[in-house]
Amino acid sequence: MAKSPEVEHPDKALGWAARDTSGVLSPFNFSRRVTGEKDVKFKVLYCGICHSDLHMILNEWGTTTYPLIPGHEIVGVVTEVGSKVQKFKVGDKVGVGCMVGACLSCDSCTNHLENYCPKAILTYGAKYYDGTTTYGGYSDTMVSDEHFVVRIPENLPLDSSAPLLCAGITVYSPLRFYGLDKPGMHVGVVGLGGLGHVAVKFAKAMGVKVTVISTSPGKKKEAMEHLGADSFLVSKEQDQMQAAQGTMDGIIDTVSAQHPLLPLIGLLKTQGKLVMVGAPEKPLELPVFPLIMARKLLGGSCIGGMKETQEMIDFAAKHNIKADIEVIPIDYVNTAMERLQKADVRYRFVIDIANTLKSNA
């Protein structure tokens, strides 16, 4: 892809940024590039808070450059389009997820898997084609190449659809790719957080029998009565886990903390699939013998390509799937990060950018 043209007069923008590893965010004035011929500019209305935002703010993955404006669950309304934009017009409801660039020519890109492109450009904290740093959605405006913009269907509320651009596609893609989307199948979901709760909703909409697997007995009522799970296993209870041995076609593991894999592998049927979408900071212990003895598969998955992300959003609109959210003002974001560290959110914070960011300008 060609580099963006030189910009003489970038657009002024306002966001909230982390400036060091203290984790504190504060107002930050910066510039968005002017809208290029294939770019879509939109007013940001809402932006979800992903756990990876917290990792990046604290530089826990060692890749952060400051100042950092997080946010890759970004939704809003188009205010300007470039002369060669074909898919969007002013006034459209749109979103941007985890990517704003890719080479568009490698094997992954030509197979609609831009998320696995070696040159994929992340929405924030990365280098864009013109050498500038990408800034995320904790800001009042967004500019992106139209290829990486998703259309939000009219019947989906913008606030509760924002987390689908990361959490939603992160669980939708492996359900589809690993063939765990067939009616009558039995799928386990490990962890009932931001990812897990939408995994339950998508799997149920696909006609799948869903069992939530959690360390917290107190989440059983929530899982079954509110989210519609068919059953619930407390992973610490040996009797429950033993009784469910060999019953599941697949498991989506959303947990990002250290946890044993052996009990989960035991829940799988012969040729069952355990798919990791959580990202623990330290390596997990992998027992190989139970994989070998029943031809079980351990796999992974990371978000999805743009075609599949649009497919996921359209599927969510058709089946009325939304994230369960807590909407917050921008000046609550530091408290939200503290609560996120304690897993004190049900299930996703979403920042009301349009109504609260402007008061800090």
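Predicted model only: the values in this text are computed from it and were never measured.

*Asks:* Sorry if this is basic, but what is going on with the pattern of salt bridges here?
*Replies:* Opposite charge on two side chains permits them to pair, given that their charged atoms come into close proximity. Per the counting criterion, the structure on display carries 15 salt bridges. The salt bridge involving Arg-176 is made with Asp-181; its shortest N-O contact spans 3.0 Å. In this structure Arg-176 comes out as partly exposed when scored by relative accessible area, which is 27%. Judged by relative accessible area, which is 12%, Asp-181 ranks as buried. Among the ionic contacts, a cluster of salt bridges with common partners joins Arg-176, Asp-181, Lys-182 and Glu-311.

*Asks:* Which parts of the structure should I look at to understand the sheet that holds strand S15 (residues 297-300)?
*Replies:* Note: strands within a sheet are paired through backbone hydrogen bonds, in either parallel or antiparallel orientation. Judged by pairing direction, the sheet is parallel, and its 6 strands sit side by side in the order S12-S11-S10-S13-S14-S15 without closing on themselves. Of all the strands in the sheet, the pair left with one neighbour each is strand S12 (231-234) and S15. Averaged over neighbouring strand pairs, the angle between their axes works out to 20° when direction is ignored. As paired elements, strand S10 (residues 186-190) and strand S13 (residues 248-253) share 4 bridges and run parallel to each other. What sits directly across from Gly-188, in S13, is Ile-251. The sheet strands contacting helix H5 (residues 194-205) are S10 and strand S11 (209-214), and the helix crosses S11 at an angle near 165°.

*Asks:* Where do I start with the UniProt feature "domain: Enoyl reductase (ER)" (unreviewed entry) in the protein in this structure?
*Replies:* Sequence positions flagged by UniProt for "domain: Enoyl reductase (ER)" (unreviewed entry) are, in local numbering, residues 23-351. For the annotated span residues 23-351, helix accounts for 26% and strand for 26% of the residues, and the straight-line distance between the end C-alpha atoms is 17 Å.

*Asks:* When you look at the packing of helix H4 (residues 167-177) against helix H10 (residues 306-318) in this model, what are you seeing that I'm missing?
*Replies:* The packing of two helices is summarised by the inter-axis angle and the distance between the axes. Their axes nearest at 10 Å, the elements H4 and H10 cross at an angle of 100°. Here H10 runs roughly perpendicular to H4, going by the angle between their axes. Contact with H4, carried on its side by Gly-168, Ile-169, Tyr-172, Ser-173 and Arg-176, involves Glu-308, Thr-309, Glu-311, Met-312 and Phe-315 of H10 and no other residues of that element. When the residues that make up the contact of H4 with H10 are grouped by side-chain class, the tally is 4 nonpolar, 3 polar and 3 charged.

*Asks:* When you look at the confidence of the model for the protein in this model, what are you seeing that I'm missing?
*Replies:* Low-pLDDT stretches of the model should not have their predicted coordinates read in fine detail. Taken over all residues, the pLDDT of the protein has a mean of 94, while the share at 70 or more is 97%. In the model, residues 1-8 has pLDDT below 50 throughout and makes 11 contacts with residues more than four positions away in sequence or in other chains.

*Asks:* Looking at this model, I keep getting lost on the packing of aromatic side chains. Mind explaining?
*Replies:* The way to describe two aromatic rings as a pair is by their centre distance and the angle between their planes. Counted according to the given criterion, the structure contains 8 aromatic pairs. Note on Phe-28 and Tyr-135: the rings are 6.0 Å apart at their centroids and 65° apart in plane angle, and the pair reads as edge-to-face. Taken together, the residues span a long stretch of sequence, with Phe-28 in strand S2 (residues 25-32) and Tyr-135 in the loop between strand S7 (121-122) and strand S8 (141-145) at a distance of 107 residues. For Phe-28, a relative accessible area of 15% puts it in the buried group.

*Asks:* I'm lost on unusual backbone geometry in this one. Help?
*Replies:* One can expect most non-glycine residues to show negative phi and most peptide bonds to be in trans. Following Tyr-66, the chain continues into Pro-67 via a peptide bond in cis, with omega recorded as -5°. Examined against the element boundaries, Pro-67 turns out to sit in the loop between helix H1 (51-57) and strand S4 (74-81). The residue after Arg-346, namely Tyr-347, is reached through a cis peptide bond having omega -10°. Among the secondary structure elements, Tyr-347 is positioned in the loop between helix H11 (333-341) and strand S17 (348-352). The backbone of Arg-295 sits at a positive phi, close to 45°, despite the residue not being glycine. The phi angle at Ile-303 is positive, at roughly 35°, despite the residue not being glycine. Along the chain, the position of Ile-303 falls in the loop between S15 and H10. The buried category is assigned to Ile-303, whose relative accessible area is 10%.

Rules of the game
- Residues numbered from 1 in each chain as written.
- Predicted model: local features only at pLDDT ≥ 70, side-chain atom pairs only at ≥ 80, totals over all residues.
- Heavy atoms only, no water.
- Salt bridge = Lys/Arg side-chain N within 4 Å of Asp/Glu carboxyl O.
- Buried < 20%, exposed > 50% of the residue type's maximum accessible area, 1.4 Å probe, protein only.
- Pairing = 2+ DSSP bridges.
- Helix = DSSP H or I, 4+ residues; strand = E, 2+ residues; numbered from the N terminus.
- Axes fitted to C-alpha atoms, helices over the stretch in contact; angles between N-to-C directions.
- Contact = heavy atoms within 4.5 Å.
- UniProt positions renumbered as here; feature names shortened; annotations may be inferred.
- Parallel < 35°, antiparallel > 145°, perpendicular 65-115°, else oblique.
- Nonpolar A, V, L, I, M, F, W, Y, C, P; charged D, E, K, R; others polar.
- pLDDT = per-residue confidence, 0-100.
- Phe/Tyr/Trp six-rings, centres within 6.5 Å; stacked < 30°, edge-to-face > 60°.

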